[in-house]
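This is what each chain is made of:
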Amino acid sequence: MTTPRTGRTFRIAAIPADGVGKEVVAAGRAVLDALAKGSGGAFAFAWEEFPWGCGHYAATGRMMDEDGLERLKAFDAVYFGAVGWPTVPDHVSLWGLRLAICQGFDQWANVRPVHFLPGVRSPLRAADDHDLDWVVVRENSEGEYAGLGGRNLSARGPGGEVAVQSSLFTEVGCERVIRFAFDLARTRARRKVSSVTKSNAQQHGMVLWDEVFRRVAGDYPDVETESVLVDAMAAKFVLRPQDLSVVVASNLHADILSDLGSALAGSLGLAASANLNPERRYPSMFEPVHGSAPDIAGRGLANPVGAVGSAALMLDHLGLPDEAARLHRAIAATTAAGVLTPDVGGSAGTDEVTAALIGALDG
């Protein structure tokens, strides 16, 4: 194993936020601290936890402090839990915290791997016959989630209000995320990029996306390509998943497809993600994608695998690829041993799975 720079301490901002986010961030921190403890002093984590989220909103009227982004700039990375609670409208909680960080720090590449783990039953029959593994690259700064639009004409009376929500596609935004996907494909066993589009119906923004994809593809003659309509891609996730390697899509399309991929792998509780500012002008943020799950929050049943997988993505970003690989091996060993939470057919609690992950670090 290669050794990182001796004595490097990484400053990590922890934002557990809401619901099971608190439980899985605590689990991820325990696993990361155990990994650092076993490094012989080669690296360590200095944590600072921020109490932002829906509870903070109830107390202050804000999902995060007004100077939150300025304070987060000093950190090497942000480790995020989940946002949302029934007492706060979802659009308020999301835009007030997670999207405020993503857009404020120009975290334009959202990476969501789809891993099929040993010991976890997939609803896909193809998983029995193929070694399935792909990654969804999501444009994370514009597209359908640009936040452009508004509501008006409510003075017309009941039923008269109008809402306009505009998608934003820029040549710069399309090119940088598509090029990111091609560069990622060059690191994988199968060099292939599948572009997701809906240009038959969205004749402006997605036609631009298609044109940029074709142009960028010309710079990567060693990478196989295809362009697939989003509805056909949803079917392909189910019917031909063995044909996937890197899937690049707009903000909304990739959000939906990556959740589909995680469900096909067995559970959204397994799904990891990285919100990257690849230029490293700002910290990147790492989070599981399962949401706050109010129905099981506080019951010790939350699956920490997605949070630990997100921690592995964070280690890769911090220049610790060998340590990231150790986390991935620990996850696979834990699920193969049948230490599973209820969402994937097991009976173990969050603490039991966390202890198994720590125990598997030396495996």
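Anything mentioned here points back to the structure above.
Quick caveat: nothing in here was measured; it's all calculated off a predicted structure. Sequence order as written defines residue numbering, which begins from 1 separately in each chain. Reporting in this predicted model follows two pLDDT cut-offs: at least 70 for local features of residues, and 80 or more for side-chain atom pairs to be given and counted; totals over whole chains, interfaces and linings ignore these cut-offs and use all residues. Side-chain numbers come from the whole structure's heavy atoms, not from hydrogens or water.

Chemist: Just to check I follow, could you spell out the overall build of the protein chain for this structure?
Modeler: Under the scheme used here, helices are H or I runs from DSSP no shorter than 4 residues and strands are E runs no shorter than 2 residues, and both carry numbers assigned from the N terminus. If you tally the helices and strands in the protein chain, you get 11 helices and 12 strands. Radius of gyration here uses only the C-alpha atoms, and the compact-globule reference equals 2.2 Å multiplied by the residue count raised to the power 0.38. Its C-alpha atoms give the protein chain a radius of gyration of 20 Å, near enough to 21 Å, the size a compact globule of 363 residues would have. Dimensions of the protein chain, computed from the C-alpha atoms along their principal axes, are close to 60 × 55 × 40 Å. Relative to its full complement of 363 residues, the protein chain shows a buried share of 52%. Contact criterion: two residues are considered in contact whenever any of their non-hydrogen atoms come within 4.5 Å of each other. Excluding contacts between residues fewer than 6 apart, the proportion of contacts in the protein chain whose partners are at least 24 apart in sequence is 76%. Relative accessibility under 20% of the residue-type maximum defines a buried residue, over 50% an exposed one, and the middle range a partly exposed one, all with a 1.4 Å probe and only protein chains included.

Chemist: Whenever I open this one, the pattern of salt bridges confuses me. Can you help?
Modeler: Opposite charge on two side chains permits pairing when their charged atoms draw close. Counted as salt bridges are all cases of a side-chain nitrogen of Lys or Arg within 4 Å of a carboxyl oxygen of Asp or Glu. Evaluation of the coordinates by the stated rule reveals 27 salt bridges. Two residues, aspartate 255 and arginine 112, come together in a salt bridge whose shortest N-O distance is 3.2 Å. Note that aspartate 255 is positioned in helix α8 (residues 251-265) and arginine 112 in strand β4 (residues 109-115), a separation of 143 residues in sequence. By relative accessible area, arginine 112 is classed as buried at 7%. Across the pair aspartate 219 and arginine 179 runs a salt bridge whose closest N-O atoms are separated by 3.1 Å. Residue aspartate 219 is found in the loop between α6 (205-217) and β9 (224-229), and its partner arginine 179 is found in helix α5 (residues 171-185); the two are separated by 40 residues along the sequence.

Chemist: Sorry, what's going on with the sheet that holds strand β10 (residues 246-249) here?
Modeler: Two pairing modes exist for strands in a sheet, parallel and antiparallel, and in both the strands are linked by backbone hydrogen bonds. Spatially, β2-β1-β3-β12-β11-β4-β5-β10-β8-β9 is the arrangement adopted by the 10 strands of the open sheet, whose pairing is mixed. In this open sheet, the two strands that pair with only one neighbour each are β2 (43-49) and β9. For this sheet the average axis-to-axis angle between neighbouring strands, irrespective of direction, equals 25 degrees. Only strands joined by at least two bridges in the DSSP assignment are considered to pair. Sheet topology places strand β3 (residues 77-82) next to strand β12 (residues 284-288); three bridges connect them, and they run parallel. Bridge pairing links tyrosine 79 to phenylalanine 286 in β12. Where helix α7 (residues 230-239) meets the sheet, it contacts β5 (133-139), β8 (192-197), β9 and β10, and its direction lies at approximately 110 degrees from that of β9. To obtain an axis, a line is fitted to C-alpha atoms, over the contacting stretch when the element is a helix, and the angle between two such axes runs from 0 to 180 degrees between their N-to-C directions.

Chemist: I'm lost on the side chain of aspartate 106 in this one. Help?
Modeler: Position of aspartate 106 among the secondary structure elements: in the loop between α4 (90-104) and β4. For aspartate 106, a relative accessible area of 17% gives the class buried. A polar atom in the side chain of aspartate 106 sits 2.9 Å from the side chain of arginine 281. Residues contacting aspartate 106, with those up to four places away along its chain left out, are Ser141, Arg176, Leu276, Asn277 and Arg281. Whenever two N or O atoms come within 3.5 Å, that pair is a polar contact, provided that in protein one can donate a hydrogen and the other can accept it, and provided that, for residues adjacent in sequence, both atoms are side-chain atoms.

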